[in-house]
Each structure stands twice: as C-alpha cells, then as structure tokens.
Amino acid sequence: MDPRRASVSNLTCSLGRPDEQSCVNFLKSGLPRRILYYKSDEWTDFPESARDVIIHGFRRRMPRMFVFFGCELVLVDLLCMVMSNSTTNKRTSVAWIDEADRCFFPILSFDEGADEHSEQVSGVVRPQASSVPPGQIVMEFIGGPAIGPPAPVANVHNLQRDSSTFVLVRKMFLSGMPAFVKPENVLCIYEYVPKDLNARAQCHAFESQLRSTIEKRGDANVTDAWFGSTAEEILRILADGFGSAVAPTAGAAFGSGFYLTPCGRSFSSVNLCGADQNGVQCMLLCQVILGNKELVRPGSKQNTPSSDEYDSGVDNHAKPTCYVVWARHANGRTLILPKYVVTFKLPKNLQAYFFGLSDVRFDEYPIRNIPDFNRLHSPVSIPSFSPLLREMYLALPSVAHPLLYNVVFAMVGNHISPIDKELLYSHHLEFQAFALTDDEFFSKIKVILEDRLPVSEVNRTRDHLSCRRAESSMDDAVSRRKPNSIAAKKANDSSG
C-alpha cells in the first residue's frame, strides 16, 4: 500500500475535506517536475526555491507545506490543489507535472485576486460565465472522521512595515550592512510565533536551557546573531528548530557546528543566503545562548567544547566575526532560537558583489584591525603588473603617488562607515596579493562608494587614460612600421 494513501485517507485540506479527484491526483502522481500556480488566466511556474521545498515535502509524503513565495509566506496544499497567502488569506489554484510528464490540473481554476474564475478543459484555460466560490469546488469527500495529523501551522507573523518592531529589526539588519544597502531593499519581516506543538517544544527547550545556563554559569551570555541559509532550510528551522532541520557546517575554519554572525555584521551572512529566481533572499535573526565562549584557533577540528567549562566557540573575544555552536554538544541544538525572518532583495550587481566575498565559515584569518588609510602602500610591482595602473601612476603628479587608489582611500577614509572601510581594506589586501585585476579592484570600489566624488574622479581618470592608451598603441604601431619601410627602401636602393 502506498504510504501516501494511508496519510491522506483521514486528512482535511485548506478548503475543508479534499475531493476524491484531488486525492487521486496526489496518489497517482510521481515526483513533481514542474509546479504551477494560476494567475491572471495563465499557469506560471513556481520560483525555483519554492518548488524545491514542495518537491522535498512531496518526497516525504507531506501533502501540505509552507513556502516563501517571494517575500510572502504561503501554504501550498497539494490535496486541494490550492495555495493560500498566510497574510491575506487569498487563494490560488495549484497544478503540477510529474517526472513522467503526466499533468495534474484541478477541474476548476481560480485566482482570488482576479475578478472571475475559469474552467480548465483539455489543458486550455477559458473564462467562466459565472463566478464560482472556491469553497464549492470540493464536491465529494472521502469517508471517515478527520483524525489524521494536524495541518501545518505558520509559526510566523508578518509584521506591518510601519510597526515599531519592523522598524527596529530593519535597523538592526541595516546597521550591519554597507551603506549601499538601503531600507527599501528589505521586503518583509516575519516574527517567530511558536504555534504548533513542535515549535512550542523547541521554545520550551530553549527557555529550559537558558535557566540551566544561568544556574551553571551565573550569566547565560544571550546575544542576537544572524544565520544565513536557503529559504528551504529556514522554513525547516521554523518548523523543527535547529535540532533536525539543519546540518552543521563541516570542515569549516573553526570546527564543525552552526555558524552565526554577530548582530552588527549581517553583511557576512548575505552570501550564505540562497536567492530565488527573483533575487529574494532570507536571513534569520536568532537569540543565542553563548554561555562561556571558547577561543577557537583556525584549522580546528572541534565539534564539541574542549571541556565542560565552555558552551560555545568564538574566533576572537574582542572582535568576533562569527560564533560557533557545536552541533554534537549535548545542549548545542537548544542554544539557538529563531526570532525574526528578514526577506530582502538586492540589485543583481550588489548581490554578485556579496557572493564574491569570502565565506565567513571558511575564512581562517578575517580582518581584525584596519590601519589609517593615509598609511596604505601599494606593492611596488603593481605598475609592471597592470598596464592601466602604470599609466595612471605616470599620469598623476608626484604628490598623488604611490598610486591613485591610495589617494581615493585617503579621501574617503573619514567619511565612510566602519563596514565600508573594512570592505575597502579587504579588497586592498586582495589587490596587493594580485588576487584582483585593476578592473576588478576599481569595480569593487565603485560598488562600495557608489556615486561619491572620488569614484567619479577615478572613472574619469580611467576613461582619459584608456584613450591615451589607445593613442599610444597607434603610435607604437606606426613606429613599428617605420623601420620596415626604411629597410625596404634600402633593399630597393641596393637592388638598383
């Protein structure tokens, strides 16, 4: 007997009880290959991240599951073939195509955001003459009392943008970002509100661990920290906590465990957040019981505290860039509690910039101290390494030496945030180690400084020197032709 048959025989769905045809669809279907929703008289594919969550749930015989649809949290119900927005409660029809290319579409298709419903006939969507309430779609019911497992519950609450909590969490998020990340990049913020039994159990375990740590250490050392991940993994955390929902990072710089970044360094977690096809990313703000922090050296193979004296790991006591909660520690999975989910969307160039930064989990030697920008010196060999920079170097007056970017750094050093300064310095070190070309280096400077004056000056200088380089190339070509012409002339004279 198909396990799904037993699982659906006594289930209700989001519209009451599922109709028989919907159950037959669910039972006969292979693993979905494409999952679609009905919008404005058309069937459209789900975003890739949401599709992966649904397929994962289908594989686990789950007929219903929550997914992030852009910045919205929606309940997808494969039995009733609908999805419901957790904020607006508006519903839309859902269909899918399985791996055998079999199509599973509802008899009636509707979109509560549209003015009228439509009927699906032979794969063609056509408008209906009269409106049909979605609740009337369920005509036939499977017999037996509804005694199956409870429907999934959204353990989050969508905060209003003008609420004080939304404003506070957004401020915390932006305070750990470079200046080019703006308030409008934050789409939605969800507050974690444990509702189902599993979520409440996770919350209770965290509170018990908090009391235990206070009794044992005197101070539980509770702090806020960011956890970056995919939308799928974050949804599992909201449902099951960090217990079984998340695999610890193995082979990382400071041992195997859960890596979180301090509250003021949310930028370090951006490249850990998977982006959907629309560029939307999610990040968790968590409460973490650090207890006694243990200094962990780069290259550590730890997966538990080195002794009973410690509860968590840190890469640096004075200026931490990451916290490590040991996954194999007896209490490790109860030391973290999700508090808020921040969904955000960055322009493609900014998203690409973040993805190009080093992974905080594998960065053995993160930047601790940033020197005075006026004292930065570029490598002596750079003029020979980069033709464009060599020309810039020669074109500038001696007072601007050793190189243009030193001047740029000195000009902006006192007018940018510590995070911007850290990022600029990190790229300076990469450039110094020949890990960046001149174009890559100036491109990163432009991202960080946006349209501020020094960057525009750099761009004008680069354009001017590019023209000079083109002219110089033409002159070289002419000069190379002259000796050949003279030689040819001599040859002709000799033959004469």
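Structure shown above.
Predicted model, so just to flag it, every value in this text is computed and none were measured.

J.: Break down the overall build of the protein for me, with residues and values.
T.: The secondary structure content of the protein amounts to 13 helices and 19 strands. The proportion of buried residues among the 496 residues of the protein is 47%. Accessible area of the protein: about 23,900 Å², with a carbon and sulfur share of 52%.

J.: Can you tell me about the packing of helix α5 (residues 197-217) against helix α6 (residues 231-240), naming the residues and giving the values?
T.: At a minimum axis distance of 7 Å, the contact between α5 and α6 shows a crossing angle of 80°. For the element pair α5 / α6, the angle class is roughly perpendicular. Along its contact with α5, which presents N198, A199 and Q202, the element α6 presents L238, A239 and D240. For the contact of α5 with α6, the per-class residue count stands at 3 nonpolar, 2 polar and 1 charged.

J.: Can you break down the side chain of D196 residue by residue, with the values?
T.: Position of D196 relative to the elements: it lies in the loop between β12 (186-192) and α5. A distance of 2.7 Å separates a polar atom in the side chain of D196 from the backbone nitrogen of A199.

J.: Give me the lowdown on the pattern of salt bridges, citing residues and values where you can.
T.: Summed over all chains, the structure comprises 11 salt bridges. Residues K39 and D111 are paired through a salt bridge, measuring 3.9 Å at the closest nitrogen-oxygen approach. On the criterion of sequence distance, the pair formed by K39 in strand β1 (residues 32-39) and D111 in the loop between β8 (108-109) and β9 (118-121) is long-range, its members being 72 residues apart. Take D111: its relative accessible area is 4%, and that puts it in the buried class. R217 serves as the salt-bridge partner of D311, at 2.9 Å between the closest nitrogen and oxygen. Placement of the pair is D311 in the loop between β16 (293-295) and β17 (312-314) and R217 in helix α5, with a sequence separation of 94 residues. With relative accessibility at 9%, the residue D311 sits in the buried group.

J.: Outline the pairing of strand β3 (residues 64-69), supporting the account with residue identities and numerical values.
T.: By the criterion of burial, β3 is predominantly enclosed, with 6 of the 6 residues buried. Across the two faces of β3 the burial is the same, with R64, F66 and F68 and M65, V67 and F69 all buried. In this sheet, strand β4 (residues 72-77) lies alongside β3 in antiparallel orientation, the contact comprising 6 bridges. In the strand pairing of β4, F68 is matched with L73.

J.: Quick rundown of the pairing of strand β19 (residues 336-345)? Include the residues and the values.
T.: Buried residues dominate β19, accounting for 8 of its 10 residues. Relative to β19, β12 runs antiparallel, the two sharing 5 bridges. Across the sheet, E191 pairs through a bridge with Y340, a residue of β19. Both strand β15 (residues 280-289) and β19 contribute to a ladder of 9 bridges, which runs antiparallel. Paired with C286 across the bridge in β19 is P338.

J.: Please set out α5 residue by residue, giving values where relevant.
T.: End to end, α5 covers 30 Å across 21 residues, agreeing with the expected 30 Å (1.5 Å per residue, within 8%). Residues A199, C203, F206, Q209 and T213 constitute the buried set of α5. Down the axis of α5, the buried set is contained in an arc of 120°. They therefore lie on one face. For α5, the exposed residues lying more than 90 degrees away from the buried face are L197 and E215. Those residues of α5 that are buried lie in contact with β12, α6, β15 and β19. Phi turns positive one or two residues past the end of α5, at G218, with a value near 90°.

J.: Tell me what's going on with the packing of aromatic side chains, and back it up with residues and numbers.
T.: According to the stated counting rule, one finds 14 aromatic pairs in the structure shown. Between Y37 and F46, the aromatic rings sit 5.4 Å apart at their centres with planes inclined by 80°, giving edge-to-face as the arrangement.

J.: Outline helix α11 (residues 418-432), listing residues and values.
T.: Taking 1.5 Å of rise per residue, 15 residues should cover 21 Å, and α11 covers 21 Å from first to last C-alpha, within 8% of that figure. Listed in full, the buried residues belonging to α11 are I419, D420, E422, L423, L424, Y425, S426, H427, H428 and F431. Of the residues one or two after α11, F434 is the one with positive phi, at around 65°.

J.: Any chance you could break down the environment of L284 for me, citing the residues and the numbers?
T.: Within the secondary structure layout, L284 lies in strand β15. Separated by 18 residues in sequence, L284 and S266 place their C-alpha atoms 9.9 Å apart. Residues in contact with L284, not counting those within four places in the same chain, are A225, W226, F227, I234, I237, L238, F242, P338, Y340 and V341.

J.: Would you mind going over the sheet that holds β16 in detail, with residue names and values included?
T.: Spatial ordering of the open sheet is given by β11-β12-β19-β15-β13-β14-β18-β17-β16, a layout of 9 strands whose pairing is mixed. A single partner strand is all that each edge strand has here, and the edge strands are β11 (156-158) and β16. When strand polarity is set aside, the average angle formed by the axes of neighbouring strands in this sheet is 35°. Contacts from helix α4 (residues 164-175) reach β12, β13 (222-228), β15 and β19 within the one sheet, and its direction differs from that of β12 by about 115°.

Each value, and the rule that gives it
Residues numbered from 1 in each chain as written. Predicted model: local features only at pLDDT ≥ 70, side-chain atom pairs only at ≥ 80, totals over all residues. Heavy atoms only, no water. Helix = DSSP H or I, 4+ residues; strand = E, 2+ residues; numbered from the N terminus. Buried < 20%, exposed > 50% of the residue type's maximum accessible area, 1.4 Å probe, protein only. Areas by Shrake-Rupley, 256 points an atom, 1.4 Å probe, with all protein chains shown as cover. Axes fitted to C-alpha atoms, helices over the stretch in contact; angles between N-to-C directions. Parallel < 35°, antiparallel > 145°, perpendicular 65-115°, else oblique. Contact = heavy atoms within 4.5 Å. Nonpolar A, V, L, I, M, F, W, Y, C, P; charged D, E, K, R; others polar. Polar contact = N/O pair within 3.5 Å; in protein donor to acceptor, adjacent residues only side chain to side chain. Salt bridge = Lys/Arg side-chain N within 4 Å of Asp/Glu carboxyl O. Pairing = 2+ DSSP bridges. Expected span 1.5 Å × (residues − 1). Arc of directions from axis to C-beta. Phe/Tyr/Trp six-rings, centres within 6.5 Å; stacked < 30°, edge-to-face > 60°.

Read these as geometric descriptors, not functional statements.
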